[in-house]
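# Examination of the molecular architecture
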Amino acid sequence: MELRHLRYFVAVAEEGSLLTAAQRRLNTSQPSLSRQIRDLETEVGVQLLERQPRGVALTAAGRVFLDHARLALLQVEAATDGARRTAQPQRPVLSMGFLVGLEVMWLPQLLRILREEAPEIEVTLSTQSSPEIALALMRGKLDVGFLRPEKESAGVIFKTLAKEPLIAVLPADHRLASRKRIRPQDLAREIYVSSARTSPVLQAVIDDYASRIGIALKAKYEGENISSAMSLVASTGGISLVPLYAQNMLAPNVVARALEGGTPTVDLALGYNQANSSPLLLRLLSRADELIASVRNQSIIRYAEVQ
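Cut-offs used in this document
Residues numbered from 1 in each chain as written. Predicted model: local features only at pLDDT ≥ 70, side-chain atom pairs only at ≥ 80, totals over all residues. Heavy atoms only, no water. UniProt positions renumbered as here; feature names shortened; annotations may be inferred. Helix = DSSP H or I, 4+ residues; strand = E, 2+ residues; numbered from the N terminus. Buried < 20%, exposed > 50% of the residue type's maximum accessible area, 1.4 Å probe, protein only. Pairing = 2+ DSSP bridges. Right-handed = clockwise from strand over helix to strand, strands pointing away. Axes fitted to C-alpha atoms, helices over the stretch in contact; angles between N-to-C directions. Parallel < 35°, antiparallel > 145°, perpendicular 65-115°, else oblique. Left-handed = near helix turned anticlockwise from the far one by under 90°. Contact = heavy atoms within 4.5 Å. Nonpolar A, V, L, I, M, F, W, Y, C, P; charged D, E, K, R; others polar. Arc of directions from axis to C-beta. Polar contact = N/O pair within 3.5 Å; in protein donor to acceptor, adjacent residues only side chain to side chain. Phe/Tyr/Trp six-rings, centres within 6.5 Å; stacked < 30°, edge-to-face > 60°. Salt bridge = Lys/Arg side-chain N within 4 Å of Asp/Glu carboxyl O.

Before going further, it helps to examine the UniProt feature "domain: HTH lysR-type" (unreviewed entry) in the protein. With numbering aligned to this structure, UniProt lists the feature "domain: HTH lysR-type" (unreviewed entry) at residues 1–59. What you have in residues 1–59 is 63% helix and 14% strand, and the ends, taken at the C-alpha atoms, are 19 Å apart.

Structural data, given as structure tokens:
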């Protein structure tokens, strides 16, 4: 079995077609690709793909093998990048990914710790959705991510940083803005704006909350991220549910209110690839508890449970 067998198999599985995979992704012929897949199945000893009139489908064994094949290819990519960096030593570099708005709270304390560990460090930053950060960690494109604990993130370790209560955000002139707390039942009567279009973990928490309290939250509008959701709140007169940290991003015409009853929470995590052997990353992880304590002591965070 060679790496090309894994690459060919992943391409076919993702495209659902030998012909499409051969032409669009692998620059080879369909007969040649078919032989490679047969060779792989012979090596593994089980059927991985079922040939159908309009393409192929994964067998149960194929679905299991696909997860491991993807992980193996990601690990090879990460190993290659790591070897190249080691062979060409430069200033220590740490690449970090943040959910939009989180860098305001976590970056100052993070940089303080990193500069104590490596004064000459070069830091690269990016703001992405949580699934994008998880994928970048899997591929070795990021060293550290501040994200949700995403499922299907092979090889990524998540350390919980905080359990963020959800709050309601609504226009400052909304009829419910005069209340200190929003009753969950009131949400079902209002225009609902989703803040979780690109955050399946946050969406799952909101869906579970709505189911638990017996309301339906069908989004009339969907924001690409929390920032855009709050813009939609202001323009449509709707209400959205967002993690507590978003109150630090509020526009003047939008206010935040606590929820009555049991407040749902969503986990915020520090993520990293377990195959990443960067000494700087290891030193940062050894001081993760210090980082959490430092951030919690900042008044801007206000991670305390909503009373």
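So, next bit.
The next point concerns the pairing of strand E3 (residues 93–98). Burial within E3 is extensive, with five of its six residues counted as buried. The pairing of E3 with strand E4 (residues 122–127) spans six bridges and is classified as parallel. If you follow Ser95 over to E4, its bridge partner there is Thr124. Between the parallel pair E3 and E4, the chain is carried across by helix H5 (residues 103–117), and the sense of this crossover is right-handed.

Interhelical geometry of helix H1 (residues 3–15) versus helix H3 (residues 30–44) gives an angle of 110° and a closest axis separation of 10 Å. One way to sum up the angle between H1 and H3 is to call them roughly perpendicular. Judged by the twist between their axes, the crossing of H1 over H3 is left-handed. In this structure, H1 uses Arg4, His5, Tyr8, Phe9 and Val12 to contact H3, whose residues at the interface are Leu33, Gln36, Ile37, Asp39 and Leu40. Residue composition of the contact of H1 with H3, grouped by class: six nonpolar, two polar and two charged.

Think of an α-helix as 3.6 residues a turn; residues three or four steps apart then line up on the same face. Buried within helix H9 (residues 226–236) we find Ile226, Ala229, Met230 and Val233. Seen end-on, H9 carries its buried residues on one side only, within an arc spanning 100°. For H9, the elements touching its buried residues are strand E6 (156–171), strand E8 (193–194), strand E10 (240–243) and strand E11 (254–259). Where H9 begins, one side-chain oxygen reaches toward the backbone nitrogen of Ser227, 3.1 Å away; that side chain belongs to Asn225. Phi turns positive, to about 80°, at Gly237, one or two residues after H9.

Turning to the packing of aromatic side chains, a few remarks are in order. Under the counting rule described, the total for this entry stands at three aromatic pairs. Judged by centre distance (5.2 Å) and plane angle (75°), the ring pair of Phe9 and Phe65 falls under edge-to-face. A residue pair is termed long-range when its members are at least 10 positions apart, and Phe9 in helix H1 and Phe65 in helix H4 (residues 60–87) qualify at 56 residues. Residue classification places Phe9 among the buried residues on the basis of a relative accessible area of 0%. Taken together, a centroid distance of 5.8 Å and an interplanar angle of 40° make the contact between Trp106 and Phe146 tilted. Here the residue Trp106 occupies a position in helix H5, and Phe146 occupies one in strand E5 (residues 144–147), the gap between them amounting to 40 residues. A relative accessible area of 0% means that Trp106 is categorised as buried. Cluster of aromatic residues (ring-pair linked, three or more members): Phe98, Trp106 and Phe146.

Side chains that carry opposite charge are capable of pairing whenever their charged atoms lie near each other. Enumeration according to the criterion identifies 17 salt bridges in this entry. Arg175 is the salt-bridge partner of Glu190, the closest N and O atoms lying 2.5 Å from each other. In this pair, Glu190 sits in the loop between helix H7 (184–187) and E8 while Arg175 sits in the loop between E6 and strand E7 (181–182), placing the two residues 15 residues apart along the sequence. Residue Glu190 is classed as buried on the basis of its relative accessible area, which comes to 16%. Taking the relative accessible area as the measure of exposure, Arg175 reaches 53% and is therefore exposed. Ionic contacts of the salt-bridge type, sharing partners, join the residues Arg112, Glu116, Glu117, Arg283, Arg287 and Glu290 into one network.

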